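Structural features, examined
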Protein chains: 2
Amino acid sequence: MQDLTLLLDDRGFAYGDGLFETVLVRDGRALLWEAHLARLAEGCARLGLPAPPRDRLDPLPAACAPGLQVLKLVVTRGSGGRGYRPPAEPTPRWGWSAAAFSPTPQRWFAGVEVRLCALRLGRQPRLAGLKHLARLENVLARQEWDDDIIAEGLMCDSEGYLVEATAMNLVWLHAGRLETPLLDQAGVAGTLLAALDAETPLQRVRVEPQRLQQAEAAWVCNSVQGVWPIRVLRDAEGAVLRRWDVASDDPLRGLAHPLLGYPVGPDA
Amino acid sequence: MQDLTLLLDDRGFAYGDGLFETVLVRDGRALLWEAHLARLAEGCARLGLPAPPRDRLDPLPAACAPGLQVLKLVVTRGSGGRGYRPPAEPTPRWGWSAAAFSPTPQRWFAGVEVRLCALRLGRQPRLAGLKHLARLENVLARQEWDDDIIAEGLMCDSEGYLVEATAMNLVWLHAGRLETPLLDQAGVAGTLLAALDAETPLQRVRVEPQRLQQAEAAWVCNSVQGVWPIRVLRDAEGAVLRRWDVASDDPLRGLAHPLLGYPVGPDA
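Residues numbered from 1 in each chain as written. Chains lettered and ligands numbered in written order. Predicted model: local features only at pLDDT ≥ 70, side-chain atom pairs only at ≥ 80, totals over all residues. Heavy atoms only, no water.

1. What to know about the packing of helix 7 (residues 191-199) of chain A against helix 9 (residues 251-260) of chain A
All names here are of chain A.
- The N-to-C vectors of helix 7 and helix 9 enclose an angle of 120°; their axes lie 10 Å apart at closest approach. When the axes of helix 7 and helix 9 are compared, the pair comes out oblique. Regarding helix 7 and helix 9, the two cross each other, and that crossing is right-handed. Counting all contacts with helix 7, which are made through Leu192, Ala195, Leu196 and Glu199, the residues of helix 9 involved are Leu252, Leu255, Ala256, Leu259 and Leu260. (Axes fitted to C-alpha atoms, helices over the stretch in contact; angles between N-to-C directions. Helix = DSSP H or I, 4+ residues; strand = E, 2+ residues; numbered from the N terminus. Parallel < 35°, antiparallel > 145°, perpendicular 65-115°, else oblique. Left-handed = near helix turned anticlockwise from the far one by under 90°. Contact = heavy atoms within 4.5 Å.)

2. Some points on the interface of chain A and chain B
- Contact residues are listed per partner, giving 63 residues for chain A and 63 residues for chain B.
- Surface buried jointly by chain A and chain B totals about 5,300 Å² across both partners, of which 61% is contributed by carbon and sulfur atoms.
- Taken together, the connections running from chain A to chain B amount to two salt bridges.
- Among the ionic pairs, Asp148 of chain B bridges to Arg85 of chain A, the shortest N-O distance being 2.9 Å.
- For the pair chain A and chain B, the interface holds 18 residue pairs in polar contact (both at pLDDT 80 or more).
- Among the elements that take part in the side of chain A that touches chain B, helix 6 (residues 136-142) of chain A stands out by supplying six residues, more than any other.
- Split by residue class, the side of chain A that touches chain B holds 28 nonpolar, 16 polar and 19 charged. (Buried area = accessible area lost by both parts, 1.4 Å probe. Salt bridge = Lys/Arg side-chain N within 4 Å of Asp/Glu carboxyl O. Polar contact = N/O pair within 3.5 Å; in protein donor to acceptor, adjacent residues only side chain to side chain. Nonpolar A, V, L, I, M, F, W, Y, C, P; charged D, E, K, R; others polar.)

3. Considerations on the pattern of salt bridges
- Evaluation of the coordinates by the stated rule reveals 29 salt bridges over all chains.
- Among the ionic pairs, Arg93 of chain A bridges to Asp10 of chain A, the shortest N-O distance being 2.5 Å. Placement of Arg93 of chain A in strand 5 (residues 93-100) and of Asp10 of chain A in the loop between strand 1 (2-3) and helix 1 (11-15) is noted, with a sequence separation of 83 residues between them.
- Residue classification places Arg93 of chain A among the buried positions, given a relative accessible area of 11%.
- Where Asp17 of chain B meets Arg11 of chain B, a salt bridge forms, and the shortest distance between an N and an O atom there is 3.0 Å. (Buried < 20%, exposed > 50% of the residue type's maximum accessible area, 1.4 Å probe, protein only.)

4. Points about the pairing of strand 8 (residues 162-165) of chain B
- Judged from the three bridges that link them, strand 7 (residues 150-157) of chain B and strand 8 of chain B form a sheet pairing that is antiparallel. Residue pairing in the sheet places Leu154 of chain B in a bridge with Ala165 of chain B of strand 8 of chain B. (Pairing = 2+ DSSP bridges.)

5. Some words on the domain arrangement of chain A
All names here are of chain A.
- When its domains are assigned, chain A resolves into domain 1 (5-100) and domain 2 (105-260).
- Domain 1 puts 21 residues into the contact, and the matching count from domain 2 is 21 residues.
- Connecting domain 1 to domain 2 are nine residue pairs in polar contact (both at pLDDT 80 or more).
- For the side of domain 1 that touches domain 2, the secondary-structure elements that each account for two or more residues are strand 2 (18-26), helix 2 (33-47) and strand 4 (68-76). (Domains from an automatic or database assignment.)

6. Digging into the packing of aromatic side chains
- Scanning the entire structure with this criterion turns up eight aromatic pairs over all chains.
- Centroid distance Phe20 of chain A to Tyr15 of chain B: 6.4 Å. Interplanar angle 65°. Geometry classified as edge-to-face. Highlighted residues: Phe20 of chain A in strand 2 and Tyr15 of chain B in helix 1 (residues 11-15), drawn from two different chains.
- By relative accessible area, Phe20 of chain A is classed as buried at 3%.
- Look at Tyr15 of chain B and you get buried, because its relative accessible area is 10%.
- Over the face of the ring belonging to Trp228 of chain A we find Arg107 of chain A, whose NZ or CZ atom lies 4.7 Å from the ring centre. (Phe/Tyr/Trp six-rings, centres within 6.5 Å; stacked < 30°, edge-to-face > 60°. Lys NZ or Arg CZ within 6 Å of the ring centre and 35° of its normal.)

7. Here's the deal with helix 2 of chain A
Residue and element names in this part refer to chain A.
- Between its terminal C-alpha atoms helix 2 stretches 21 Å, which fits the 21 Å expected from 15 residues at 1.5 Å a residue.
- Within helix 2, burial applies to Trp33, His36, Leu37, Arg39, Leu40, Gly43, Cys44 and Leu47. Projected down its long axis, helix 2 carries its buried residues within an arc of 160°, all on one side.
- Directly beyond the C-terminal end of helix 2, a positive phi value near 75° is found at Gly48. (Expected span 1.5 Å × (residues − 1). Arc of directions from axis to C-beta.)

8. Concerning the relation of the copies chain A and chain B
- For the match of chain A to chain B, the screw axis carries a shift of 0.0 Å, the RMSD comes to 0.0 Å, and the turn is 180°. Each copy turns onto its partner about a two-fold axis.
- In this assembly, 100% of the residues forming the interface of chain A have copies in chain B that are likewise at the interface, indicating an isologous arrangement. (Least-squares fit on C-alpha atoms with pLDDT ≥ 70 in both.)

9. Examining helix 9 (residues 251-260) of chain B
Residues and elements named next belong to chain B.
- For helix 9, the full list of buried residues reads Leu252, Arg253, Ala256, His257 and Leu260. Seen end-on, helix 9 carries its buried residues on one side only, within an arc spanning 100°. Turned more than 90 degrees away from the buried face of helix 9 sit Pro251 and Pro258, all of them exposed.
- Measuring from the side-chain oxygen of the N-cap residue of helix 9 to the backbone nitrogen of Leu252 gives 2.9 Å; that N-cap residue is Asp250.

10. Brief notes about empty space enclosed by the protein
- If you walk through the whole model with that rule in mind, you get three cavities of 30 Å³ or more.
- Of the pockets and cavities examined, the largest cavity occupies roughly 470 Å³.
- Residue lining of the largest cavity: 33 residues in total, with Gln124, Ala134 and Glu137 of chain A together with Ala134 and Glu137 of chain B positioned closest to the centre.
- Of all the elements in the fold, those that place two or more residues in the lining of the largest cavity are helix 6 of chain A together with helix 6 (136-142) of chain B. (1 Å grid on protein atoms, 1.4 Å probe; cavity = no way out; pocket = protein on both sides within 12 Å on 5 of 7 lines; lining within 4 Å. Points joined across faces, edges and corners; volume = space filled by probe spheres on them.)

11. Observations regarding the side chain of Arg135 of chain A
- As for its placement among the helices and strands, Arg135 of chain A is situated in the loop between strand 6 (112-121) and helix 6.
- Despite its burial, Arg135 of chain A remains without a salt bridge, the nearest opposite charge being carried by Glu164 of chain A at 4.9 Å.
- Beyond its immediate chain neighbours, meaning those up to four positions away, Arg135 of chain A contacts Phe20, Leu130 and Val188 of chain A together with Tyr15, Tyr84 and Ala134 of chain B. (Lys, Arg positive; Asp, Glu negative; His and termini not counted.)

Have a look at this one:
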């Protein structure tokens with residue numbers, strides 16, 4: 001046990017009263033930087049806290065080490081207020097850290113196994129879409145399995161509608177159209193998802209997992225890992241619900257990976 | 001803006017992956033100490049993290065300054081893991097702080113005004129009852145008003161059922177029986193509520209705010225502030241929904257305040 005006394009006072013720590021971003025940085029250049037800053041700014045506006053000044057954020061990617069790094073950026077409402085009540089004029093705190101990152105090409109090209117999580121996300125439109133610090137539900141969902149063959153867990157909301165994976169968004173092809181769950185009640189509005197949406201129409205739908213089982217193809221994706229085609233879908237007990245063949249020329253990867261500087265095919 | 005770099009790594013900070021307790025301490029003696037430790041232990045069990053050793057916790061109240069203090073105790077899952085995935089064998093961190101506290105006798109004896117919050121709590125049975133660190137919903141609810149005449153805000157869940165106040169539990173008298181909302185989907189299982197339940201039967205009910213409006217009397221209460229009778233109930237726009245006369249010999253205060261060392265009447 002270590003001592004935490006110095007941290008107790010920050011509202012990000014005390015209540016999850018803050019936001020974060022995890023940004024892929026290659027040789028000092030951030031990928032999808034504008035999308036990350038836009039989500040952070042929207043989050044600050046919706047929580048009612050001043051956004052960190054842009055001129056303090058823009059130099060951060062160049063301050064990361066060379067090669068592939070993940071830059072984590074955190075903003076909190078700082079200290080003060082009385083209990084849950086925020087101070088009228090908060091003095092936000094922010095910080096960042098960077099760590100070397102290696103993606104997993106095998107997951108890009110051979111696909112992954114995923115499972116449905118038993119945990120269902122609470123519906124909270126006031127927080128839906130934001131990458132806020134109160135993510136204990138994601139921790140509990142990720143705690144449901146420790147078999148490394150399972151790459152991700154898919155979560156529904158308390159009404160049983162698909163939302164996302166624990167740390168990635170979910171996209172599938174249904175009747176020739178790309179679909180992804182509505183994120184107006186729960187989940188994080190991924191920056192790669194937003195960038196894909198600008199490239200090709202993604203239909204936002206409120207559906208149960210049966211819809212996914214009927215899909216022609218399915219993927220999980222985010223701005224750090226890229227696109228993983230789903231090869232096997234299991235239920236929360238581990239039984240196989242559906243298998244898909246993984247195409248060698250994956251159209252979603254073809255759109256997404258150039259945005260992240262990742263290869264579109266195994267030969268690249 | 002201050003720097004947060006040193007904190008980024010703790011899972012309590014990163015994800016709200018931890019628990020806290022706020023304990024009333026009078027002259028080095030904790031009130032309802034066993035109830036606080038029981039809730040903390042249950043929280044640790046439900047989150048899957050080792051509880052702090054009892055022999056480290058028991059000396060803390062005596063380490064507080066004389067007089068009335070609030071002892072805040074925080075436990076997190078510590079550092080480590082990969083993203084949301086917790087480490088297989090977490091090394092929890094814990095910390096505490098104490099601050100002088102003064103209750104508000106006027107609220108005990110003259111009662112308070114409360115309002116209904118527009119925010120509705122997400123339903124999450126896996127976290128319901130726990131005093132975990134992911135409390136951003138409470139912050140948003142508390143942000144809905146800044147008129148000091150309003151002492152608390154009452155929150156419903158996403159289905160419209162009453163849950164609790166932002167930092168207190170809710171009790172009312174209906175047809176001569178004490179009722180309080182079920183806390184199996186959202187909310188914090190208050191230690192004073194648990195202690196009251198041991199003194200007198202509290203009926204746990206899943207009801208909408210209309211039920212509260214029909215009550216003969218109503219209170220908000222917690223283990224730090226004691227019992228506040230509700231004098232005026234307003235809706236989220238400020239309109240009065242109901243007024244109650246506040247009894248000078250309040251039976252709920254008569255049960256609760258001896259547990260906290262607070263007076264049962266204004267003459268004490």
